[in-house]
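Residue-level listing of the chains:
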Amino acid sequence: MGTEFANKSIECTINNCKHHCCCDNYCSLERIKVGTHENDPTVIPCTDCQSFELKRDCCR
Ligand code: SF4
């Protein structure tokens, strides 16, 4: 499955990620892993998509 696939169960606006759907604000993966970088997460910024991978040639 390529990035043309839009998993309508996973909305995402992270265009810098290589798994972002090319044509809409969705993830192109079948599933993702969400985690945290905090010991005691309490707000949204404490959470991370741990399936994120930087798109090649992006942002450098
Ligand atoms: S892997 Fe995570 S950050 Fe990347 S497109 Fe999917 S949901 Fe977004």
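Note: the structure precedes this text.
A few points on the structure. (Residues numbered from 1 in each chain as written. Predicted model: local features only at pLDDT ≥ 70, side-chain atom pairs only at ≥ 80, totals over all residues. Heavy atoms only, no water.)

### Quick look at the overall build of the protein
Selection criterion: Numbered from the N terminus, helices here are DSSP runs of H or I no shorter than four residues, and strands are runs of E no shorter than two. Working definition: with a 1.4 Å probe on protein chains only, accessible area under 20% of the residue-type maximum means buried, over 50% means exposed, and in between means partly exposed. Note on contacts: a residue pair is in contact if any heavy atoms of the two residues lie within 4.5 Å. For the purpose of charge, His is not counted, nor are the chain termini; Lys and Arg are scored as positive and Asp and Glu as negative. Lys charges are placed at NZ, Arg charges at CZ, Asp charges at CG and Glu charges at CD.
Of the regular secondary structure elements, the protein holds zero helices and four strands. Classification of the 60 residues of the protein by burial places 22% in the buried group. The contacts of the protein with a sequence gap of at least 6 include a subset with a gap of at least 24, amounting to 24%. Of the charged side chains in the protein, 7 are positive and 9 negative; the average position of the first set lies 7 Å away from that of the second.

### Quick look at the side chain of His20
Convention followed: For this analysis, a polar contact is any N or O atom pair within 3.5 Å, provided that within protein one partner can donate a hydrogen and the other can accept it, and provided that sequence-adjacent residues contribute only side-chain to side-chain pairs.
Following the sequence through the fold, His20 ends up in the loop between strand E1 (7-11) and strand E2 (26-27). At a separation of 3.0 Å, a polar atom in the side chain of His20 contacts the main-chain carbonyl oxygen of Cys12. Polar contacts involving the side chain of His20 include one to the side chain of Asn15, which spans 3.3 Å.

### Here's the deal with the site of the ligand
We apply this condition: The nearness test applies per residue and asks whether one of its heavy atoms lies within 4 Å of the molecule or strand. Any residue outside Ala, Val, Leu, Ile, Met, Phe, Trp, Tyr, Cys, Pro, Asp, Glu, Lys and Arg is labelled polar, Gly included; the first ten of those are nonpolar and the last four are charged.
Taken together, the residues surrounding the ligand are Ile10, Cys12, Ile14, Cys17, His19, His20, Cys27, Leu29, Ile32, Cys49, Ser51 and Phe52. Class assignment of the residues belonging to the shell around the ligand gives a composition of nine nonpolar, three polar and no charged.

### Section: a nonpolar patch on the surface
Going by this rule: For patch building, the residue pool is restricted to those with more than 30% relative accessible area and no salt bridge; the joining distance is 9 Å between like charges and 5 Å between nonpolar side chains (Val, Leu, Ile, Met, Phe, Trp, Tyr). To measure how exposed things are, a 1.4 Å probe is used in the Shrake-Rupley method; for residues, cover is taken only from the protein chains shown. Salt bridges, as used here, are contacts in which a Lys or Arg side-chain nitrogen is within 4 Å of a carboxyl oxygen on Asp or Glu.
Residues Ile14, Phe52 and Leu54 make up a contiguous nonpolar surface patch of about 240 Å² in total accessible area. With respect to the helices and strands, the residue Leu54 is situated in the segment after strand E4 (47-49).

### Things to note about the pattern of salt bridges
Counted according to the given criterion, the structure contains one salt bridge. For Glu53, the salt bridge goes to Lys18, with nearest N and O atoms at 3.4 Å. With Glu53 in the segment after E4 and Lys18 in the loop between E1 and E2, the pair connects residues that are 35 residues apart, well separated along the chain. Of the residues examined, Glu53 reaches a relative accessible area of 38% and is grouped as partly exposed. Overall, Lys18 belongs to the partly exposed group, its relative accessible area being 39%.

Function cannot be read off these values alone, since they describe shape.
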